[in-house]
Amino acid sequence: MSSAFKLSVDDVPSDLVGTSNTFFWPKQGTSPWFTSNVGPNLGELGRVNDRNIDFVRIASAVLSADRSVLRSGRMSAWNTREISIEVDVIAVEPWLGVKTELESLLGFLTGDTWTLDFSEAKGECEQIAARAIGASRVVLFSGGADSGAGAILSAHELQGTNSHALVSHFSEKNLAPLQRKLKDETVRLFPNSLSDFFQVHHSRGRTSPEGKPYKKENSTRSRSILFIAIGLAVASVNKLPLWIPENGYASINPPLSSNRRGSLSTKTTHPAFLQGLVRILGKVGAHNELSNPFADLTKGEMFTKVGEAIGVEAASNYLSATTSCSHTGARSFGLKGRIQCGACFGCVLRKASFAASSIPDQTQYLVPAGDQRLERWLESKSVVPAMRDFLSRDLRAQDLATLRLPNDIELAKATELCNRAMAELRSLSL
């Protein structure tokens, strides 16, 4: 069954009949259908390349549709959804030439069948912010441990010679203060390291124009494509390189079992996805200078480098303040703050990385404390049983042969990287 959506930058019609699958992105960014502090022409970010504006719109439509179509089945038996989107772009012609290639790349990302169509709509005029970024690079800064490590290591590398700009994106408001706190701490540790900080709040609303609640699919695997698109948009203003900090093991992301392939495996920083994205954006004339400078490192090795840059005590304080948890359901139990579950893949990898780097972990993890309902919830989210089997032997090159690594990445080196990460995980004695 195919699900069809449209992202529109035009005014919301007074007659709302038939608009339940349309995502309206108004100039001011305040509506039930999109919550955003930037308009659809991204004027608040500066003079953004037109094709990068288009790509932010496309990424926003993809993420919104991905969240709005429920899956059926479980794990590897999840269905392949058919999703069609029509997107308002500034110029249609460039995107028609890469339509099939982009649809295929989105299919690789989410495991679904995508159909893209484009309509020409510039949207209302927006005031262009006079932002000239006096920096040598732009760094994605989510509030996660890898992006936090990336910001520290970028500032350390540039200290005394240049500066960087940090770009954050959030949909849940409780993440915004954490991003600001970590940004401030980065500046405290490396004064004069920050030339600009962009914090973009952009997310699909809860209800359609007709007042019907949107469905919420939690398996969303396209969520970081919007983050990358926003980062490239900022970088396009002064044609700067974009850093996407992610440890190499998480980027390759070998599935813990055959049941965790496809849509359960995040691929937004997978080398094949990033290379495909660079190629497509280059063809349409968008700014496409991006890289993952930590693709050859494990998360524990990234943590070690942070400890070497700022000292073990400061690294413990800083990295412990970041977040890695993929679950927010603990709020259903009345637990407030950024308590992390400790059982999901992100939390387990985080724990192993602290241990491997000999940096004390001060993270607050969820403790059931006799609450059986909470204990059952944690057990349902835990990856530990699957991980025990996964860690029972080292990976071999043939295990990675099916993961579509680009030809310029040697299987032997990728396998060795994954085995170093698995050795860090084994140190936890799961």
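Residues numbered from 1 in each chain as written. Predicted model: local features only at pLDDT ≥ 70, side-chain atom pairs only at ≥ 80, totals over all residues. Heavy atoms only, no water.

Visitor: I tried to follow the pattern of salt bridges on my own but got confused; where do I start?
Guide: Where charged atoms from two side chains of opposite charge come close, those side chains can pair. Considering all chains together, one arrives at 19 salt bridges under this definition. When the shortest N-O distance is used, the salt bridge between Asp 54 and Arg 51 registers 2.9 Å. Of this pair, Asp 54 and Arg 51 both sit in helix H1 (residues 50-68), three residues apart, which is roughly one turn of the helix. Judged on exposure class, the residue Asp 54 and its partner Arg 51 are both buried. Between Lys 183 and Asp 184 there is a salt bridge, with the nearest N and O atoms lying 2.8 Å from each other. Classification of Asp 184 by relative accessible area gives partly exposed; the value is 43%. Linked through salt bridges whose partners overlap, the residues forming this network are Asp 66, Arg 71, Arg 81 and Asp 112. (Salt bridge = Lys/Arg side-chain N within 4 Å of Asp/Glu carboxyl O. Helix = DSSP H or I, 4+ residues; strand = E, 2+ residues; numbered from the N terminus. Buried < 20%, exposed > 50% of the residue type's maximum accessible area, 1.4 Å probe, protein only.)

Visitor: Honestly, the layout of surface pockets in this entry has me stumped. Any pointers?
Guide: With a probe scaled to a water molecule rolled over the atoms, the places where space remains empty come into view. A volume near 500 Å³ is recorded for the second largest pocket. Surrounding the second largest pocket, 22 residues form its lining, Pro 271, Asn 292, Ala 295, Asp 296 and Ile 409 being those nearest its centre. For the lining of the second largest pocket, the class distribution of residues is 10 nonpolar, six polar and six charged. (1 Å grid on protein atoms, 1.4 Å probe; cavity = no way out; pocket = protein on both sides within 12 Å on 5 of 7 lines; lining within 4 Å. Points joined across faces, edges and corners; volume = space filled by probe spheres on them. Nonpolar A, V, L, I, M, F, W, Y, C, P; charged D, E, K, R; others polar.)

Visitor: How should I be thinking about helix H8 (residues 271-284) in this particular structure?
Guide: Since the α-helix packs 3.6 residues into each turn, any two residues three or four apart lie on the same face. The first and last C-alpha atoms of H8 sit 20 Å apart over 14 residues, in line with the 20 Å expected at 1.5 Å per residue. Along H8, the residues that are buried comprise Pro 271, Ala 272, Phe 273, Leu 274, Gly 276, Leu 277, Ile 280, Leu 281 and Val 284. The elements touched by buried residues of H8 are H1, helix H2 (93-96), helix H3 (99-110), helix H6 (223-237), helix H7 (248-252) and strand S10 (290-291). Within two residues after H8, Gly 285 carries a phi angle of roughly 90°, on the positive side. (Expected span 1.5 Å × (residues − 1). Contact = heavy atoms within 4.5 Å.)

Visitor: I tried to follow the pairing of strand S7 (residues 164-170) on my own but got confused; where do I start?
Guide: Remark: a regular strand shows side chains that alternate across the two faces of the sheet. Counted residue by residue, S7 has seven buried out of seven residues, so it is predominantly covered. In S7, alternate side chains face the same way, and those of His 164, Leu 166, Ser 168 and Phe 170 on one face and Ala 165, Val 167 and His 169 on the other are all buried. Summarising the sheet, strand S6 (residues 137-140) and S7 pair through four bridges and their orientation is parallel. Residue Val 139 lies in a different strand from S7, and its bridge partner there is Leu 166. Once you follow S6 into helix H4 (residues 145-158) and on to S7, the crossover reads as right-handed. As judged from the seven bridges shared by S7 and strand S8 (residues 194-204), these two strands associate in the parallel manner. Each bridged residue has a counterpart across the sheet, and for His 164 the counterpart in S8 is Leu 194. Where the polypeptide runs from S7 across helix H5 (residues 176-189) and back to S8, its parallel neighbour, the crossover connection is right-handed. (Pairing = 2+ DSSP bridges. Right-handed = clockwise from strand over helix to strand, strands pointing away.)

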